[in-house]
Number of protein chains: 4
Amino acid sequence: MGNFPGHAIPGSFFLFFGLWWTIRYSVMWARRMGGRNTGSAAEVCCNNGPGRFLKRVPVEGLCKTMFGIAGIVEEQLVAHWTLIDPRTQQFHELDIWQHNTMYLFFALNGIFDILIAMRAPVPSGIDYVSLSLAYSVEGLLFFYHLHGRIGLDVRLHRLLVLAAGLCAAVSGLEAWKPGTLLLPMVRTACTLLQGTWFWQVGWILYPPFPGHEWDLESHENMMFVSMAFCWHILGILLFMSVVYTVVYHIYQAKEKQRGTELELGPLSSHMLQAHSDSELD
Amino acid sequence: MGNFPGHAIPGSFFLFFGLWWTIRYSVMWARRMGGRNTGSAAEVCCNNGPGRFLKRVPVEGLCKTMFGIAGIVEEQLVAHWTLIDPRTQQFHELDIWQHNTMYLFFALNGIFDILIAMRAPVPSGIDYVSLSLAYSVEGLLFFYHLHGRIGLDVRLHRLLVLAAGLCAAVSGLEAWKPGTLLLPMVRTACTLLQGTWFWQVGWILYPPFPGHEWDLESHENMMFVSMAFCWHILGILLFMSVVYTVVYHIYQAKEKQRGTELELGPLSSHMLQAHSDSELD
Amino acid sequence: MGNFPGHAIPGSFFLFFGLWWTIRYSVMWARRMGGRNTGSAAEVCCNNGPGRFLKRVPVEGLCKTMFGIAGIVEEQLVAHWTLIDPRTQQFHELDIWQHNTMYLFFALNGIFDILIAMRAPVPSGIDYVSLSLAYSVEGLLFFYHLHGRIGLDVRLHRLLVLAAGLCAAVSGLEAWKPGTLLLPMVRTACTLLQGTWFWQVGWILYPPFPGHEWDLESHENMMFVSMAFCWHILGILLFMSVVYTVVYHIYQAKEKQRGTELELGPLSSHMLQAHSDSELD
Amino acid sequence: MGNFPGHAIPGSFFLFFGLWWTIRYSVMWARRMGGRNTGSAAEVCCNNGPGRFLKRVPVEGLCKTMFGIAGIVEEQLVAHWTLIDPRTQQFHELDIWQHNTMYLFFALNGIFDILIAMRAPVPSGIDYVSLSLAYSVEGLLFFYHLHGRIGLDVRLHRLLVLAAGLCAAVSGLEAWKPGTLLLPMVRTACTLLQGTWFWQVGWILYPPFPGHEWDLESHENMMFVSMAFCWHILGILLFMSVVYTVVYHIYQAKEKQRGTELELGPLSSHMLQAHSDSELD
């Protein structure tokens, strides 16, 4: 919707998943790094304890699906499920229907995630492909959303399309080459970027506090927003670096503690490892 | 041709091949999945029974070639095989000749398919490259088809170019990395998308039922068509999901039935499998 | 130069190399196919007899270099090696200097080919990269060549840029993944396409026979040229198919003849093969 | 900054790193070539002596970081760290802040290089990704920098964006496929190209010697600059060829000298090699 919440809500969804993935992949990475450095838990990319629970119950897929449906319902409370104005026989409320289309594709991606977690027979890679598709649809709709808009508005949305296009490209590459850690990281960063940029767009086009309207034709403002986009990237990089460092040190501390416990106990680390490995298969 | 059948006929061709491929690749996928789950028929990607016949007689290539030639003949009944107007000495009927050029490239792809099925000495990968070329030529012609058109018309054809470009890209990737299942699926989806979108374009630009003319300059209509394109994608995804699920369950049921028969018979499953494998080579 | 020979001469150069490569790669392919079918000469991608001579003396590189230098000298006979008009202190004859720049990069690629053939220490893949660079420079110059031109002229040159860009992309991919047969074939086809299209552009913009001037603003002509581009592709495909078929059958006939001779002679085919293999290393 | 030094300073930074990498990768390549030809030091891509020192102390990362910070400080001496003009409440000095953003990302890349050299736990490939990001940010800012500019100015900056985009693409490919020699060479060439082109842009837009102002609307000048860009590429290629040849011959001479010494000494070349190999691990 063309107002501040209409940009803040999808932005928050992207931020939520960006944060989720930041933590998820940082833990995965700390494990791999730890495994390589300490010689134990080598190349185990699945969590134990709460991680195992998260693997059984498809929390991520459920969140995507629920958020998607919630977004649709919330927007349709305004549009009353009508696409064609009964009086003029013209299309109306197209903004809302376009947002709904986007939510629908993310919900669809969530359903595929749930199916995969339930070990349903789905083609492998469909989770990445459907995610890439959801981002592509978002990018496509925003790209054709610009018709008849001006200066700053166009540029703000183009940068959003750029972020969405990057997400789509990276997700597509993940389907092509799964198992890397770098691609999910880049996808996480791009998703966070979309989230913060949605907030930024809402903030500029529909200022929540009156008295700060932006001049949509100003050359200075247009120069500023492309720079602000880069600053968002910078902030996200710094944030992710902090999270990765903290997670790494927590993991290292736990590993050390676990190593000390194991020295006192009757089981060697290798036996325990072999045990947990065989359970995972 | 600039009328409804001129868009519905190529659309139907694309839908035909899209449906064909949907079934073909769903069977192939069900076999692979079944093979992985039940331990038999592992990685056999060729059909038995009717499938073997389809492999010997290049039905797909023959269809492509015949449809291509039929399309050319049908359009030339209007154009009378003249490219230059004898009175004005100018080019005329260029729409028809452009459509013919497209048909010709698909017919050419069909001929390569036939040659490959006949085990003629052709460079490996030429089937994918010629298919990619056919889609590229289609995209190129439509891209340069837009000269002097307006608003909605341009957007409808750009989305068609996008679908054709995706098909061309995916077919090219298949030549690069054959043997995956995901790429043929994406190609199938894009081909179905082209088919339904051809119908949609015909429906909007040349409404078959009078009284539903679309305003080609309306902002609402332009917003709607980009969303409708996404809905087509959604519908195709749902359709393919249903087909894949049905095919998978039919295959599973047949496998179970076959398994029961084998338990009663004198031959073990493994011996039968080895037998059929050796026949296929 | 802005006249008919100025387009026919580079076109002829591209046609020459396209024909050269068509024959070269068709022989290579027939060998591989023959090797796979008859069980001898497996995976030998270098010629014997005249082929071996061609491998020692870098004919291809020498041709590229000489043609490049010849093109430069021929064009500079008109420009008298002056880039800045001494009277107006402005740049002049920029068309000629741009053509010279293109020739220079192809000559450079020829020099790298010669160095590789002479087993000089050059980074591997530099031949493909420098070829890709030559095509890119050509595409870049033609792309920025369009400033201030109109309708048909722009479209003709854009299609030329498209062909050059394809050549550059395929050559780049060859550096990435050498040893395939499909990529050189595609490169050959694109080079032939550039050659014939150069002739076509010269024919349309500077008709060699008076009385056939083209209307550069006509919508029909613009529609025609994009279709003509596809017809060029079609013609090249048919031509290459014929050459490949003829070469294949000649090779098969020779193999059969050689096979008969070998049966009568004292040496077995395998020994001979091993002998020639060891010589090649 | 919109003056000659504002283009010459970043240009010099790029030239510095381009030269650095030219020498570094030429040594690496000479080693590999030497290793392949003489049978010793096979596939050792790390330097001994000074090279080992350079590997311990992250000279490259430190340079990047210091240059980045120096650039920021130098520019902020003019801008006084104010982004919003206190009188007009509008953004001002945006050029300087945009340049600072670019410097910042290169500094960030330098910090990652230092972390990697210090064997800090960072995700592998982050050095290439952050370098690619720095080039991308540069390209993005320059791309959106063109608003409201004219003819020659736009073209000069577009070519800069092209060079930056090439650098970003090649760095990204290096993260995808590390360990090649060709990709770093291409990256080096593109970085040198950026360096010389920055100087060229400064020279044209802000001539350091009065009386040589360029007409920004002249068709001839626009034709010339696209050709000049190609000449820069040519010059860089020739320069790199000379450096590679010189380094190769120096390395060969040293190898020969070392070989002679070894013949007189008590240790065989192979033992020495095995020794230094084991030290490196």
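Numbering of residues starts from 1 in each chain and follows the order in which that chain's sequence is written. Written order determines the labels here, with chains lettered from A and ligands numbered from 1. In keeping with the model being predicted, local features are shown solely for residues with a pLDDT of at least 70 and side-chain atom pairs are shown and tallied solely at 80 or more, while totals for entire chains, interfaces and linings include all residues. Side-chain numbers here rest on the full set of heavy atoms in the structure, without hydrogens or water.

Draft legend 1. Here's a closer look at the interface of chain C and chain B. Any two residues having at least one pair of non-hydrogen atoms within 4.5 Å are treated as being in contact. Listed by partner, the interface residues are 31 residues for chain C and 26 residues for chain B. Buried surface at the junction of chain C and chain B, both sides included, amounts to about 2,600 Å², of which 80% is carbon and sulfur. Two parts placed together each lose some accessible area under a 1.4 Å probe, and adding up what both lose gives the buried area. Per-residue buried area on chain C facing chain B is highest for L182, M223 and M227 of chain C; these three make up 21% of the total on that side. For this analysis, a salt bridge means a side-chain nitrogen from Lys or Arg found within 4 Å of a carboxyl oxygen belonging to Asp or Glu. Taken together, chain C and chain B are joined by zero salt bridges. Think of a polar contact as two N or O atoms within 3.5 Å of one another; within protein, one of them needs to be a possible hydrogen donor and the other a possible acceptor, and neighboring residues in sequence only count if both atoms come from side chains. In this structure, the connection of chain C to chain B is made through three residue pairs in polar contact (both at pLDDT 80 or more). Of all the elements in the fold, those that place two or more residues in the side of chain C that touches chain B are α1 (4-38), α6 (151-176), α7 (182-205) and α8 (219-264) of chain C. Here the side of chain C that touches chain B gets 17 residues from one element, more than from any other, and that element is α8 of chain C. Comment: elements are numbered from the N terminus, with helices defined as DSSP H or I runs of at least four residues and strands as E runs of at least two.

Draft legend 2. Focus on the interface of chain C and chain D. Contacts between the two partners involve 25 residues from chain C, matched on the other side by 30 residues from chain D. Across the interface of chain C and chain D, roughly 2,600 Å² is buried in total on both sides, 80% from carbon and sulfur atoms. Seen at the junction of chain C and chain D, the total is zero salt bridges. Inspection of the chain C/chain D interface yields three residue pairs in polar contact (both at pLDDT 80 or more). Of all the secondary-structure elements, those providing two or more residues to the side of chain C that touches chain D are α4 (94-117), α5 (126-143) and α6 of chain C. The element that contributes the greatest number of residues to the side of chain C that touches chain D is α4 of chain C, accounting for eight residues. Each residue gets one label: Ala, Val, Leu, Ile, Met, Phe, Trp, Tyr, Cys and Pro are nonpolar, Asp, Glu, Lys and Arg are charged, and the others, such as Gly, are polar. Each residue belonging to the side of chain C that touches chain D can be placed in one class, and the counts come to 19 nonpolar, six polar and no charged.

Draft legend 3. Looking closely at the UniProt feature "transmembrane region" (unreviewed entry) in chain A. UniProt positions are given in the numbering used here, feature names are shortened, and annotations may be inferred rather than shown by experiment. UniProt's feature table lists "transmembrane region" (unreviewed entry) at residues 6-23, 102-122, 128-147, 159-176 and 223-248 of chain A, given in the numbering used throughout. Within the segment residues 223-248 of chain A, helix and strand shares are 100% and 0% respectively, and the terminal C-alpha atoms sit 38 Å apart.

Draft legend 4. Representation of the relation of the copies chain C and chain D. Here chain C sits on chain D after a turn of 90 degrees about the axis and a move of 0.0 Å along it, with an RMSD of 0.0 Å. A rotation of that kind, with that shift, is consistent with a four-fold axis. Here only 4% of the interface residues in chain C have copies in chain D that are interface residues too; the copies meet through unlike faces. Alignment of the copies relies on least squares applied to C-alpha atoms, considering only residues that score at least 70 for pLDDT in both.

Draft legend 5. The arrangement of the relation of the copies chain C and chain B in detail. After a rotation of 90 degrees and a shift along the axis of 0.0 Å, chain C superposes on chain B with an RMSD of 0.0 Å. A distinct binding surface is used by each copy, with only 3% of the interface residues of chain C retained as interface residues in chain B.

Draft legend 6. Region of the structure containing helix α3 (residues 59-79) of chain C. Residue and element names in this part refer to chain C. One less than the number of residues in a helix, times 1.5 Å, gives the span that helix is expected to have. An ideal rise of 1.5 Å per residue puts 30 Å on 21 residues; α3 measures up with 30 Å between its terminal C-alpha atoms. A 1.4 Å probe rolled over the protein chains alone gives each residue an accessible area, and that area as a share of the maximum for its type sets the label: buried under 20%, exposed over 50%, partly exposed in between. Along α3, the residues that are buried comprise E60, G61, C63, K64, T65, G68, G71, I72, E75, Q76 and A79. Immediately downstream of α3, the backbone of H80 shows phi near 55 degrees, a positive value.

Draft legend 7. Local environment of the pattern of salt bridges. Tallied over the entire structure, the rule returns 26 salt bridges over all chains. Close ionic contact of D153 of chain B with R149 of chain B constitutes a salt bridge, the shortest N to O distance being 3.3 Å. For D153 of chain B, a relative accessible area of 11% translates into the label buried. In this structure, E60 of chain C and R24 of chain C form a salt bridge, with 2.7 Å as the shortest nitrogen-oxygen distance. Of this pair, E60 of chain C sits in helix α3 while R24 of chain C sits in helix α1, and the two are 36 residues apart along the sequence. Because the salt bridges share partners, they merge into one network encompassing R24, E60, K64 and D113 of chain A.

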